[in-house]
Amino acid sequence: MCSEVCQSLVKYSSGTKGSLPLQKLHLVSRSIYHSHHPILKLQRPHFRTSFQQFSSLTNLPLRKLKLSPIKYGYQPRRNFWPARLAARLLKLRYLILGSAVGGGYTAKKTFDQWKDMIPDLSDYKWIVPDIVWEIDEYIDWEKIRKALPDSEDLAKLAPDFDKIVESLSLLKDFFTTGSPGETAFRATDPGSESDKRYRKVSDKEKIDQLQEELLHTQLKYQRILERLEKENKELRKLVLQKDDKGIHHRKLKKSLIDMYSEVLDVLSDYDASYNTQDHLPRVVVVGDQSAGKTSVLEMIAQARIFPRGSGEMMTRSPVKVTLSEGPHHVALFKDSSREFDLTKEEDLAALRHEIELRMRKNVKEGCTVSPETISLNVKGPGLQRMVLVDLPGVINTVTSGMAPDTKETIFSISKAYMQNPNAIILCIQDGSVDAERSIVTDLVSQMDPHGRRTIFVLTKVDLAEKNVASPSRIQQIIEGKLFPMKALGYFAVVTGKGNSSESIEAIRDYEEEFFQNSKLLKTSMLKAHQVTTRNLSLAVSDCFWKMVRESVEQQADSFKATRFNLETEWKNNYPRLRELDRNELFEKAKNEILDEVISLSQVTPKHWEEILQQSLWERVSTHVIENIYLPAAQTMNSGTFNTTVDIKLKQWTDKQLPNKAVEVAWETLQEEFSRFMTEPKGKEHDDIFDKLKEAVKEETIKRHKWNDFAEDSLRVIQHNALEDRSISDKQQWDAAIYFMEEALQARLKDTENAIENMVGPDWKKRWLYWKNRTQEQCVHNETKNELEKMLKCNEEHPAYLASDEITTVRKNLESRGVEVDPSLIKDTWHQVYRRHFLKTALNHCNLCRRGFYYYQRHFVDSELECNDVVLFWRIQRMLAITANTLRQQLTNTEVRRLEKNVKEVLEDFAEDSEKKVKLLTGKRVQLAEDLKKVREIQEKLDAFIEALHQEK
């Protein structure tokens, strides 16, 4: 019969044309139709390995198969491969089962109906290997038909379904024996044996037994729930990993908790002057020092992420931890892109070290704790979404090494977070110490006296159960009867054995094992939902999101009202100005400063040389007049004059002149840079940038160091310029005389002022301005008059007075009743002779105007000698060459280096928020800053609320 089925089906499939509608097909034939439908994916059927060598895709010759002799009865599977092939292809096992149940006649009739409904498969003949269509050549169907048993034998092979049902019922009864439901059911059955046994035991034993069964049932369902959560965690991890890899090709939106955390980060950036209260919910973790706050947080975050110390204060500033779900267990800071893999111990150590460094950086000098918040995001599969803030532990005594105000600072930080009416207070209490030693419970009861947002957590319950003589005391602590505070819920947790190297998995196993064997659960002092950090994290997360949903819209409305008030204030006070916050103002000032520095590079070479030459002469003129010209002018002849000048110029060039020139160039650059930075820009000038520009100027000048590599070459250039005595034309000669006259006139003016200050006002000023001379000025005036008389007698007098001359002057003054000191006579003589000499030198300049002809003849046969004009020409030429050299160094090197320093200073200031707050101040800046931040918070809150509604 089977051979006929195979032959008929194969022949019919290869020869039938046309197809029937899908609705008229039988269930099996419909599945065949679908598997070959052109719209669906076409898959080549898989055959066993033994047939692959005969595939039409190979070039191997086909070999005839030799069938093993078939024996009736049970045959091994490996010798019955033709029947297995037919059963695989044509679902013969269904036919055999149908024949066994309904008989051979029904099977044959059903097969005939199926054969009529099979569509034409000739178009899909390529899907089936060629060996199938040529199977008649290799299979003896007659032998197979004879080898198959008849319908009665097949019916005997079919299983007895009645016996199977009976066996299943027995198996069910076996597995349900001893369950709580069955125990309760048998307890109500008056005719059962267990009822008689229960009557014999006392009521107390019944209660103990029922409590034990209830505990076992709770633990059983707890394990089942943990297993399901673990499976769900793995599945969600796979789904999130596929999303990360882009398998679904969809853009992932930010999670709710990440959006909410961004709002809190923006709020934390506000300064103290911001008057809008922050009432957005957070989970604030408070507790006494070493109470186990950090361990509870690590159990909730499922990673040892916080630095640890034995008895030492490790939490020195608030740490905001945002927990969210993700495919990988990682942590990252708000202001950093580095991800720490929390499954690797080296990354965990690096994360703990980074947190400790940030805490110590936040703590200012002379302090122990800081109110500045460190923002940390932790993602991982199975984490409960919430925002927790770990605060420094409350202390009772300030120990050595701490700042004196450490206790008050910790209290103020804790109160600042807990006074938020929507903050959830997670109060951590150490169960291994006496409850009376707790400090934090009093603080929490002050902030939340009705316990509407407080969750109490008792840590180290294993040590408490071991050390406390009365277990009921632990129950009183859990129920809040020993404290004045109230709470929404009470939890008991175990955070390990006190070993900092324990893993989170080991702590969790230890916690589960402890509570399974704990008397607190067995005696019903604690409920199953009140223990383990897993239940705690679920409860805290539910409470957090409930608080968020209840308060976030109200907070959004509050920020909308604040925004309206700030916008109205800005329109009334600054109607024509843009709302630029501190960062935008800094960028505007930065562009202005860079433009001004670029303008510095556009200064003309002529301007540079003029200001350099003038500044250098002002710096060296005193030395030239006093130390070079005047001593040389006191000589008797031109040879001695030139020799003295050459020696002094050489000494001056070797030691002082190049250094003075470099100093002058650097000061000139500073003056020009300051002029560009500070000069007003007309109506466009904004005085709000003045402090910033001044700070940038000072810091740039402080950092800039003049490159003095050209000082040696400058010395050579100056020495060669001073050696040259050849004046080429009359124009240069006149320029030298003009330069000499200006220098002498300036010195004469200074000398006149010095003499006037010495002798007091003259008769004209005394009569017109009602001024009088002092006694000392009268003495100086009498001395001056006496010295002038002596100069009139000898106009060729040398620069110094002889001793007898000083005595003569003193006696002449004493004869008129004026007592003088020899030193006063010398000081007065210095100024009087200086004026006389300068006037004589100016008269000599007028004579030398017509002396260029004699200069060309080297003053031969001439009484006129103008060597002093040649000296000033040499000085003037040296100044011009030095100014040109310094100008080249300025424009080619120093200005560019100054621009670079300005950019570096601006970059440093841009990263220093405190510096920007200090330099950009005023009501206008603060109002724009608040307005921008309120808008940002409102936008983020609106987006968060919209996402929250979509999630509902």
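The structure contained in this document is the topic of the report that follows. All values derive from a computational prediction rather than experimental measurement. (Residues numbered from 1 in each chain as written. Predicted model: local features only at pLDDT ≥ 70, side-chain atom pairs only at ≥ 80, totals over all residues. Heavy atoms only, no water.)

**Some remarks on the overall build of the protein**
- When its secondary structure is counted, the protein shows 37 helices and nine strands.
- Every one of the 952 residues in the protein was classed for burial, and the buried ones make up 42%.
- Taking the intrachain contacts of the protein between residues at least 6 apart in sequence as the baseline, contacts between residues at least 24 apart amount to 79%.
- About 54800 Å² of surface is accessible on the protein, with carbon and sulfur atoms providing 51% of the total. (Helix = DSSP H or I, 4+ residues; strand = E, 2+ residues; numbered from the N terminus. Buried < 20%, exposed > 50% of the residue type's maximum accessible area, 1.4 Å probe, protein only. Contact = heavy atoms within 4.5 Å. Areas by Shrake-Rupley, 256 points an atom, 1.4 Å probe, with all protein chains shown as cover.)

**A word on the state of the cysteines**
- Taken as a whole and assessed by the stated rule, the structure comprises one disulfide.
- Of the cysteine sulfurs around Cys845, a residue in no disulfide, the closest is that of Cys848, at 6.6 Å.
- Given a relative accessible area of 0%, Cys845 falls into the buried group. (Disulfide = S-S within 2.5 Å.)

**Thoughts on the pairing of strand β2 (residues 319-324)**
- The buried count for β2 comes to six of six residues, which makes it a mostly enclosed element.
- Covered by surrounding structure in β2 are Val319, Val321 and Leu323 together with Lys320, Thr322 and Ser324, the residues of both alternating faces.
- As paired elements, β2 and strand β5 (residues 374-379) share six bridges and run parallel to each other. Counted as the bridge partner of Ser324 is Lys379 from β5. (Pairing = 2+ DSSP bridges.)

**Some points on the sheet that holds strand β9 (residues 489-492)**
- Taken in spatial order, the nine strands make up an open sheet running β4-β3-β5-β2-β6-β1-β7-β8-β9, and their pairing is mixed. On the outer flanks of this sheet lie β4 (340-341) and β9, each paired with one strand and no other.
- With two bridges joining them, strand β3 (residues 330-333) and β4 adopt antiparallel strand pairing. In the strand pairing of β4, Ala331 is matched with Phe340.
- The strands that helix α13 (residues 256-268) touches are β2, β5 and β6 (386-390); relative to β2, the one it contacts most, it runs at about 165°. (Axes fitted to C-alpha atoms, helices over the stretch in contact; angles between N-to-C directions.)

**Topic: the packing of aromatic side chains**
- Scanning all chains against the criterion turns up 18 aromatic pairs.
- Chaining the aromatic ring pairs together yields one cluster made of Trp617, Tyr629, Phe739, Trp829, Tyr833, Phe837 and Phe872.
- Of note, Arg675 hangs over the ring of Phe676, and the distance from its end group to the ring centre comes to 4.7 Å.
- Its guanidinium or amino end placed over the ring of Phe586, Lys916 lies 5.6 Å from that ring's centre, counting from NZ or CZ. (Phe/Tyr/Trp six-rings, centres within 6.5 Å; stacked < 30°, edge-to-face > 60°. Lys NZ or Arg CZ within 6 Å of the ring centre and 35° of its normal.)

**Quick word on empty space enclosed by the protein**
- Applying the stated criterion across every chain, the model contains three cavities of 30 Å³ or more.
- Contributing to the lining of the largest cavity are Asp646, Leu649, Lys650, Thr653, His719, Leu722, Glu723 and Arg874.
- At the level of secondary structure, the elements contributing two or more residues to the lining of the largest cavity comprise α25 (638-655) and α28 (711-723).
- It is α25 that provides the largest number of residues to the lining of the largest cavity, a total of four residues.
- Class assignment of the residues belonging to the lining of the largest cavity gives a composition of two nonpolar, two polar and four charged. (1 Å grid on protein atoms, 1.4 Å probe; cavity = no way out; pocket = protein on both sides within 12 Å on 5 of 7 lines; lining within 4 Å. Points joined across faces, edges and corners; volume = space filled by probe spheres on them. Nonpolar A, V, L, I, M, F, W, Y, C, P; charged D, E, K, R; others polar.)

**Examining the nonpolar core**
- Within the largest apolar cluster, 99 residues are counted, with the highest numbers of intra-cluster contacts made by Trp617, Tyr629, Trp652, Leu669, Val696, Trp733 and Ile875.
- The leading source of residues in this core is helix α35 (residues 867-911), at 17 residues.
- In contact with Ile875, not counting residues within four places along its chain, are Trp617, Val624, Leu649, Trp652, Leu722 and Phe739.
- Residues Leu256, Val321, Val548 and Phe559 belong to the second largest nonpolar core, which totals 59 residues. (Core = buried A, V, L, I, M, F, W, Y, C linked by side-chain atoms within 4.5 Å.)

**A word on the environment of Leu714**
- Looking at the secondary structure, you find Leu714 in helix α28.
- By relative accessible area, which is 2% here, Leu714 ends up buried.
- Between the C-alpha atom of Leu714 and that of Val662, which follows or precedes it by 52 residues, the distance is 9.2 Å.
- Those residues in contact with Leu714 that sit more than four places away from it in its chain are Pro658, Ala661, Val662, Thr882, Thr885 and Leu886.

**So, the packing of helix α29 (residues 730-759) against helix α31 (residues 775-793)**
- Close contact between α29 and α31 brings their axes to 7 Å; oriented N to C, the two are set at 125°. With respect to their mutual orientation, α29 and α31 come out oblique. On α31, the residues touching Ile755, Asn757, Met758 and Val759 of α29 are Gln777, His780, Asn781 and Lys784.
- In terms of residue class, the contact of α29 with α31 is built from three nonpolar, four polar and one charged. (Parallel < 35°, antiparallel > 145°, perpendicular 65-115°, else oblique.)

**Quick word on the pattern of salt bridges**
- For the structure on display, the rule yields 42 salt bridges.
- Notably, a salt bridge pairs Asp265 with Lys320, separated by 3.0 Å at the nearest N-O pair. Here Asp265, found in helix α13, pairs with Lys320, found in strand β2; they are 55 residues apart in sequence, far enough to count as distant. Pair check on accessibility: Asp265 and Lys320 agree, each one buried.
- When salt bridges with common partners are traced through the structure, they connect Arg563, Glu567, Glu579 and Arg935 into a single cluster. (Salt bridge = Lys/Arg side-chain N within 4 Å of Asp/Glu carboxyl O.)

**A short note on the pairing of β3**
- A two-sided burial pattern is seen for β3, the buried positions comprising Val330 and Leu332 on one face and Ala331 and Phe333 on the other.
- The hairpin turn running from β3 into β4, its antiparallel successor, is six residues long.
- Taken together, the four bridges between β3 and β5 define a ladder with antiparallel strand orientation. Bridging from a neighbouring strand, Val330 pairs with Lys379 of β5.

**Details of the environment of Val286**
- Secondary-structure assignment places Val286 in strand β1 (residues 283-287).
- Considered as a pair, Val286 and Gly393 are 107 residues apart in the sequence and their alpha carbons are 6.7 Å apart.
- Setting aside chain neighbours within four positions, we find Val286 in contact with Lys293, Leu391, Met418, Ile425, Leu426, Cys427, Ile428, Val440 and Val444.

**Structural notes on the side chain of Ser324**
- Relative to the elements of secondary structure, Ser324 occurs in strand β2.
- Ignoring any residue separated from it by four or fewer positions in sequence, one finds Ser324 in contact with Ser255, Ile257, Asp258, Val378, Lys379, Gly380, Leu383 and Arg385.

**Concerning a positive patch on the surface**
- Residues Lys691, Lys702, Lys705, Lys915 and Lys918 make up a contiguous surface patch of positive charge.
- Those elements giving two or more residues to the positive patch turn out to be α27 (690-703) and α36 (913-919).
- Following the sequence through the fold, Lys918 ends up in helix α36.
- A relative accessible area of 59% places Lys918 in the exposed class. (Patch = residues over 30% accessible without salt bridge, like charges linked within 9 Å, V, L, I, M, F, W, Y side chains within 5 Å. Lys, Arg positive; Asp, Glu negative; His and termini not counted. Charge placed at Lys NZ, Arg CZ, Asp CG, Glu CD.)

**Re unusual backbone geometry**
- For Ser290, which is not glycine, the phi dihedral falls at a positive 65°.
- Summarising the element assignment, Ser290 is placed in the loop between β1 and α14 (293-301).
- Even without a glycine there, the phi angle at Lys460 is positive, about 55°.
- Within the secondary structure layout, Lys460 lies in the loop between β8 (454-459) and α18 (461-467).
- Note on Lys460: relative accessible area 23%, which makes it partly exposed.

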